[in-house]
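Residues per chain, in single letters:
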Amino acid sequence: VETLQDISERKEAELSRRAAERQLAEIIAGSPVATFVVDTHCRVTHWNRACEALTGVSANEVMGKNEVWRAFYPFETRRVVLAEMIVRGASSDELLERYTGHAHPSVLVAGAFEARDFFPTFGEGGKWLHFMAAPLHDMHGKVIGAIETLVDLSVKAPEET
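Computed from a predicted structure; not experimentally measured. Positions within a chain are numbered from 1, following the residues in the order the chain's sequence is written. Given that the model is predicted, a residue must reach a pLDDT of at least 70 before its local features are reported, and side-chain atom pairs must reach 80 or more before they are shown or counted; all residues, however, enter totals for whole chains, interfaces and linings. Each side-chain value is derived from all of the structure's non-hydrogen atoms; neither hydrogens nor water enter the calculation.

### Considering the overall build of the chain
Here's step 1: To qualify as a helix, a DSSP run of H or I must reach at least 4 residues; to qualify as a strand, a run of E must reach at least 2; elements of each kind are numbered from the N terminus. Scanning the chain for helices and strands turns up five helices and six strands.
Here's step 2: Secondary structure of the chain in N-to-C order comes out as α-β-β-α-α-α-α-β-β-β-β.
Here's step 3: Structurally, the chain occupies a C-alpha span of about 75 × 45 × 30 Å along its principal axes.
Here's step 4: Under the scheme applied here, a residue whose accessible area is under 20% of the maximum for its type counts as buried, over 50% as exposed, and between as partly exposed, the area being computed with a 1.4 Å probe on protein chains only. With 161 residues in all, the chain has 34% of them scored as buried.
Here's step 5: Contact criterion: two residues are considered in contact whenever any of their non-hydrogen atoms come within 4.5 Å of each other. Taking contacts inside the chain between residues at least 6 apart in sequence as the whole, the part at least 24 apart equals 35%.
Here's step 6: As presented, the chain carries roughly 10700 Å² of accessible surface, and 54% of it is formed by carbon and sulfur atoms. Areas reported here follow the Shrake-Rupley algorithm with a probe of radius 1.4 Å; residue values treat only the protein chains shown as occluding.

### Focus on the sheet that holds strand β6 (residues 143–152)
Here's step 1: Two strands pair under a simple rule: DSSP has to find at least two bridges between them. Strands sit in the order β2-β1-β6-β5-β4-β3 across an open sheet of six strands; the sheet is antiparallel. Taken across any chain shown, the strands that pair with only one partner, and hence form the sheet edges, are β2 (44–47) and β3 (103–105). Strand-to-strand twist of the sheet, defined as the mean angle between neighbouring strand axes without regard to direction, takes the value 20°.
Here's step 2: Of the strand pairs in this sheet, strand β4 (residues 113–119) and strand β5 (residues 127–137) are connected by seven bridges, and their pairing is antiparallel. For A115, the partnering residue across the bridge sits in β5 and is F131. Here an angle of 0 to 180 degrees is reported between the N-to-C directions of two axes, which are lines fitted to C-alpha atoms, with helices fitted over the stretch in contact.

### As for the side chain of S106
Here's step 1: Mapping S106 onto the fold places it in the loop between β3 and β4.
Here's step 2: In this structure S106 comes out as buried when scored by relative accessible area, which is 12%.
Here's step 3: Setting aside anything within four residues of it in sequence, one finds S106 in contact with A112, F113, E114 and M132.

### Regarding the side chain of E148
Here's step 1: With respect to the element layout, E148 can be found in strand β6.
Here's step 2: Buried within the structure, E148 lacks any salt-bridge partner; R98 is the closest side chain of opposite charge, at an N-O distance of 9.0 Å.
Here's step 3: Polar contact is defined as a pair of N or O atoms within 3.5 Å, subject to the rule that within protein one atom must be able to donate a hydrogen and the other to accept it, and that residues adjacent in sequence are counted only when both atoms are side-chain atoms. Among the polar contacts made by the side chain of E148, one reaches the main-chain amide nitrogen of A83 at a distance of 2.8 Å. For the charge count, each Lys or Arg is scored as positive and each Asp or Glu as negative, with His and the chain ends excluded. Salt bridge, as used here, is a side-chain nitrogen of Lys or Arg placed within 4 Å of a carboxyl oxygen of Asp or Glu.

### Some points on the environment of V80
Here's step 1: Mapped onto the fold, V80 is located in the loop between α3 (59–62) and α4 (82–87).
Here's step 2: In this structure the C-alpha to C-alpha distance between V80 and F118, which are 38 residues apart in sequence, comes to 15 Å.

### A look at the nonpolar core
Here's step 1: Take the buried residues of types Ala, Val, Leu, Ile, Met, Phe, Trp, Tyr and Cys, join any two whose side-chain atoms come within 4.5 Å, and each joined set is a nonpolar core. In this structure, F36, W47, F72, L82, Y99, F131 and L150 are the most contacted members of the largest nonpolar core, which totals 35 residues.
Here's step 2: Those elements that provide at least two residues to this core are β1 (34–39), β2, α2 (49–55), α3, α4, β4, β5 and β6.
Here's step 3: Each residue touching F131, except ones within four places of it in the same chain, is listed here: L82, Y99, F113, E114, A115, R116, D117, F119, E148, T149 and L150.

### Focus on the pattern of salt bridges
Here's step 1: A full pass over the atoms with the stated rule returns eight salt bridges.
Here's step 2: Among the ionic pairs, K127 bridges to D152, the shortest N-O distance being 3.3 Å. Highlighted residues: K127 in strand β5 and D152 in strand β6, separated in sequence by 25 residues.

Laid out in structure tokens, this is it:
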């Protein structure tokens, strides 16, 4: 006795999902906005080229590790970054306390927070960064990670000629 089952649709769906994941990874990697993603264990799953350029830390140094804070605070003891706080479900009060006077809920993304802070180890004399972290959800609404974007506030726009 032999039973056959046509799994063509399932295979096509799997190929489509993989293609979409690959495309999303390429979008993040190629974005000019410094971006990283952490999973529920706060391990870095994406660290784009713009993030490498901004921090001076290569993707190889942080990928798969739950020490993303070292890219921003290399001379301090463990310090939680905004994306980690989002993943861990920190309250608004905790977020506002961590970034006193420099944080607020995002008006663009539900559940996201925006903040700014000074990072003395970036470049000559340090840099002020604006950053936003937003939760990432699965199809059932469960938080599966967070994405954080960083903008260097010290960069001046080129002069128009």
